[in-house]
Amino acid sequence: MDLETFEKSGKSLVILKNNQIIFESSDHMLRPLVQAIKEQDLSGAIIFDKRIGRGASLLFIYAKVAQVFTLCASKHAVAVLEENNIPFTAKTIVDNLMNTDGTKVCIMEKLSAGKSPSEFFQELTK
């Protein structure tokens, strides 16, 4: 799979492991990623995610994924991925991910600030 194929799929999240799709979703936000982490061992997986912010990047680290492809990443997501040596490809990089009406910074960008990967995962699953 590549970014163009992923974009045409209409999915928000596709996870590959051993060249097989092990999880996919059309749901938005972080819920499908959290569900995938709870249900599967994602270590070494390749992630295709429509939009990633700092929160998603922390979850990728928590899950020990190998590589990330995205249509849009925030600068905060890029910094976290680079700090943790996770290779990524982003079609577009923006300052911040915004909420659905574009008026405020995404709540998950704020909620993930200052948290470690495990702290953020615990916050989302409590």
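Structure: see above.
In this convention, every chain numbers its residues from 1, walking through the sequence in written order. Only residues with pLDDT of at least 70 get local features here, since the model is predicted, and only at 80 or more are side-chain atom pairs given and counted; chain-wide, interface and lining totals rely on the full set of residues. Hydrogen atoms and water are omitted, and side-chain values are computed over all heavy atoms in the structure.

### Overview of the packing of helix H2 (residues 31–39) against helix H6 (residues 117–125)
Quick reminder of the rule: Angles run from 0 to 180 degrees between N-to-C directions of axes, and those axes are lines fitted to C-alpha atoms, restricted for helices to the stretch in contact. A helix here means a DSSP run of H or I that spans at least four residues, while a strand means a run of E at least two residues long, and both kinds are numbered starting from the N terminus. For classification purposes, angles smaller than 35 degrees are called roughly parallel, those larger than 145 roughly antiparallel, those between 65 and 115 roughly perpendicular, and all remaining angles oblique. Residue contacts are defined here by distance: any two heavy atoms, one from each residue, within 4.5 Å place the two residues in contact. Charged residues are taken to be Asp, Glu, Lys and Arg, nonpolar residues to be Ala, Val, Leu, Ile, Met, Phe, Trp, Tyr, Cys and Pro, and polar residues to be all remaining types, Gly included.
At their nearest, the axes of H2 and H6 sit 11 Å apart, and the two run at 105 degrees to each other. One finds that H2 runs roughly perpendicular with respect to H6. The segment H2 lies against H6, with Val 34, Ile 37 and Lys 38 engaging Phe 121, Leu 124 and Thr 125. Its residues placed into classes, the contact of H2 with H6 shows 4 nonpolar, 1 polar and 1 charged.

### Examining the sheet that holds strand S5 (residues 88–94)
Note the following rule: For two strands to be treated as a pair, DSSP must find at least two bridges joining them.
Read across the sheet, 5 strands follow the order S2-S1-S3-S4-S5 without closing on themselves; strand pairing throughout is mixed. The sheet is open, and its two edges are formed by strand S2 (20–25) and S5, each paired on a single side. Strand-to-strand twist in this sheet, taken as the mean axis angle between neighbours without regard to direction, amounts to 10 degrees. One ladder, built from 6 bridges, connects strand S4 (residues 67–74) with S5; its direction is parallel. Paired with Ser 74 across the strands is Val 94, a residue of S5. Here H2 sits on the sheet in contact with strand S1 (13–17) and S2, set at roughly 140 degrees to S2.

### As for the pairing of S4
Selection criterion: Each residue's exposure class comes from its accessible area (1.4 Å probe, protein chains only) as a fraction of the maximum for that residue type: buried when under 20%, exposed when over 50%, partly exposed otherwise. With its strands directed away from the observer, a crossover is right-handed exactly when the path from the first strand over the helix to the second travels clockwise.
Burial within S4 is extensive, with 7 of its 8 residues counted as buried. Where strand S3 (residues 46–52) and S4 come together, 6 bridges link them in parallel fashion. Within the sheet, the bridge partner assigned to Asp 49 lies in S4 and is Thr 70. On the question of chirality, the crossover connecting S3 to the parallel S4 by way of helix H3 (residues 54–63) is right-handed. Taken together, S4, helix H4 (residues 75–83) and S5 constitute a β-α-β crossover, and its handedness is right-handed.

### Overview of the environment of Glu 24
Relative to the elements of secondary structure, Glu 24 occurs in strand S2. Put simply, Glu 24 and Ser 9 are 15 residues apart on the chain and 10 Å apart in space, counted from C-alpha to C-alpha. If near-sequence neighbours (up to four positions away) are discounted, Glu 24 is found in contact with Lys 11, Leu 13 and Val 14.

### A closer look at the pattern of salt bridges
Operational definition: Here, a salt bridge means any Lys or Arg side-chain nitrogen found within 4 Å of an Asp or Glu carboxyl oxygen.
Taken as a whole and judged by the stated rule, the model has 5 salt bridges. Between Glu 7 and Lys 91 there is a salt bridge whose closest N-O contact spans 2.9 Å. Placement of the pair is Glu 7 in helix H1 (residues 3–9) and Lys 91 in strand S5, with a sequence separation of 84 residues. Glu 123 is the salt-bridge partner of Lys 126, the closest N and O atoms lying 3.6 Å from each other.

Any link to function would need more than the numbers given here.
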